[in-house]
Amino acid sequence: MPLVYNITMKRINQVLESEPNHAEITVRGWVRSFRNDRFIALNDGSTIHNLQCVIEPADHDQSILDEINVAAAVAVTGHLTESEGSGQRVELQATKVVILGKADPEDVKLTILSPKRHSLEKLREQAHLRVRTNTFGAVMRVRAALSFAIHKYFQEKGFYQAHTPIITGSDAEGAGEMFRLSTLDPKNPPINEDGSINYKEDFFEKESNLTVSGQLEAETYAMGLGQVYTFGPTFRAENSNTSRHLAEFWMIEPEVAFNDLDANMDLAEDFIKYVVSYALDNCADDIEFLENRLEQEDKQKPQNERSPMPLREKLKFIGKNNFKRVSYTEAIDILKNSKPNKNKKFKYIIEEWGADLQSEHERYLVEKHFECPVILFDYPAKIKAFYMRLNDDKKTVRAMDILFPGIGEIVGGSQREERYDVLKQKMADMHIEEAELWWYLEMRKFGSVVHSGFGLGFERLVMFVTGMGNVRDVIPYPRTPGNAEF
RNA sequence: UCCUCUUUAGCUCAGCUGGUUAGAGCAUUUGACUGUUAAUCAAAGGGUCCUUGGUUCGAGCCCAAGAAGGGGAGCCA
């Protein structure tokens, strides 16, 4: 088999950029379509575009032609020429076709690889094959580019990645229900005298869980390395059944010593603008494809549910315009005086300061009132976590959320409470076990300084950049309540 | 967890007031054509009408329970 790697082997994205100079090259990929017994549309995952390989049927064995079926893997050797057709600039005049992996059309017919449109729900059922569709190829390339851009941004800014633990021994991170972790025999666990399970005999000799956030550990690292970020998987055992929640998702959590909340907002905004612009510049073809896909999808929807602007325009808008910064108190005033509040169109009517904002309120602010991303800050202390820094008014904390159109909350962050006594008191008030988080509190005794950070849900970012409407369609194998297939 | 909608061919769907042998487009197969671009033209094959139980002379259609999936809400990122 002449299939060892050599200099003439090329990825299709490179080939499509090459000059049609008749040089002999070999490409390998999967057949997307085979028209007229002559035109193979070949895709190798390197780009949304296919390479058209042209074969002269008389020059190839019938046994080979019979196996050039949709989804089959083939290696094609030939000469790159200008295309006679109008659909592409260059094409490969094939001299040799080798079938690398067969695909029986009768079997392919039963899968989403069959050459026709499929619903996103159907693609989800066959998640092991969906990356071979145009839409998922594009989404996953954009996801990978965004992941790279995130590391690039922080590394260039002098941040260090902190690998915070995935298994945690504390259950007080306060960000949601946790997945319990144990090696005890579930049918016959060791029992204490009072009937409870004796975790002293478990692997870690205490209860352990999958992490819901690396923030608390990241804070300790910011106190040594100055500016750090985490980027890893996070687990929440919430029974959330929405298009925006996963039980396993990836989160980015920068944490910076000496930053106050204003600097934190500056960082978050600059960071988001950078990665969105990076994707726009480096995944132009994929985002163009996704924009067209979205436009087609919008045609099926009623006018008021359609995207207000095309995908690329929306992404450029994010890069160019400043996010609107509004305090919680101002936001409440805006909402109180808003039409839907006065006409009782909101399900939850805003009556007084202190109420938690529902997603209908966030959407109103972002999509109707300001029509741009909004950063809300200085929330009531009562509705926010124990570690957020108390303002001098004793009523509000230095918290901020970034709200995006169509996505809702994409970032949640705060300036952390750096004062030992204040933090200790807040932990007591909010019933946080000091024994669980002694180390977090103790950090405040040794050179404690102002510091801030935020968490950004990676999948929500990918949703925004790709225009996909369901978080399950921007991660390879989504984990949701009742679903851990694949 | 709550509200709501859906489930009919491989896929997307239609199926009238409960009435003979359940249809269409795409996909697949076969043939024709051979510079196509979601190729085109012709023909063929393809059904546990989600499951269970009930009402009825008769159920894809009505009733009940269950299952799976979508959308929305809550919680959050």
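Since the structure is predicted, the reported quantities are computational estimates derived from the model, not experimental observations. (Residues numbered from 1 in each chain as written. Chains lettered and ligands numbered in written order. Predicted model: local features only at pLDDT ≥ 70, side-chain atom pairs only at ≥ 80, totals over all residues. Heavy atoms only, no water.)

Caption draft 1: Inspection of the domain arrangement of chain A at higher detail. Along its sequence, chain A is carved into domain 1 (12-116) and domain 2 (134-176 + 212-323 + 372-473). Computed over C-alpha atoms only, the centres of domain 1 and domain 2 are separated by 42 Å. The interface of domain 1 with domain 2 comprises six residues on the first partner and six residues on the second. Linking domain 1 to domain 2 there are zero salt bridges. Where domain 1 touches domain 2, the interface holds three residue pairs in polar contact (both at pLDDT 80 or more). The residue makeup of the side of domain 1 that touches domain 2, split by class, is one nonpolar, four polar and one charged. (Domains from an automatic or database assignment. Contact = heavy atoms within 4.5 Å. Salt bridge = Lys/Arg side-chain N within 4 Å of Asp/Glu carboxyl O. Polar contact = N/O pair within 3.5 Å; in protein donor to acceptor, adjacent residues only side chain to side chain. Nonpolar A, V, L, I, M, F, W, Y, C, P; charged D, E, K, R; others polar.)

Caption draft 2: Highlighting a nonpolar patch on the surface. On the surface, Ile166, Ile167, Phe203 and Phe204 cluster together into a nonpolar patch covering about 390 Å² of accessible area. Here Ile166 shows up in the loop between strand S6 (160-161) and strand S7 (167-168). You can call Ile166 partly exposed: its relative accessible area is 40%. (Patch = residues over 30% accessible without salt bridge, like charges linked within 9 Å, V, L, I, M, F, W, Y side chains within 5 Å. Areas by Shrake-Rupley, 256 points an atom, 1.4 Å probe, with all protein chains shown as cover. Helix = DSSP H or I, 4+ residues; strand = E, 2+ residues; numbered from the N terminus. Buried < 20%, exposed > 50% of the residue type's maximum accessible area, 1.4 Å probe, protein only.)

Caption draft 3: How the structure looks around helix H15 (residues 458-466). In terms of burial, H15 is a largely internal element, nine of the nine residues being buried. Of the residues making up H15, those classed as buried are Phe458, Glu459, Arg460, Leu461, Val462, Met463, Phe464, Val465 and Thr466. Looking one or two residues past H15, Gly467 carries a phi angle of roughly 75°, positive in sign.

Caption draft 4: Spotlight on the pattern of salt bridges. Scanning all chains against the criterion turns up 25 salt bridges. Residue Asp44 pairs with Arg11 through a salt bridge whose shortest N-O separation is 3.9 Å. Here the residue Asp44 occupies a position in the loop between strand S2 (39-43) and strand S3 (51-54), and Arg11 occupies one in the segment before helix H1 (12-17), the gap between them amounting to 33 residues. Across the pair Glu291 and Arg312 runs a salt bridge whose closest N-O atoms are separated by 3.0 Å. With Glu291 in helix H8 (residues 284-299) and Arg312 in helix H9 (residues 311-320), this residue pair connects regions lying 21 residues apart in the sequence. When its relative accessible area of 11% is taken as the criterion, Glu291 is described as buried.

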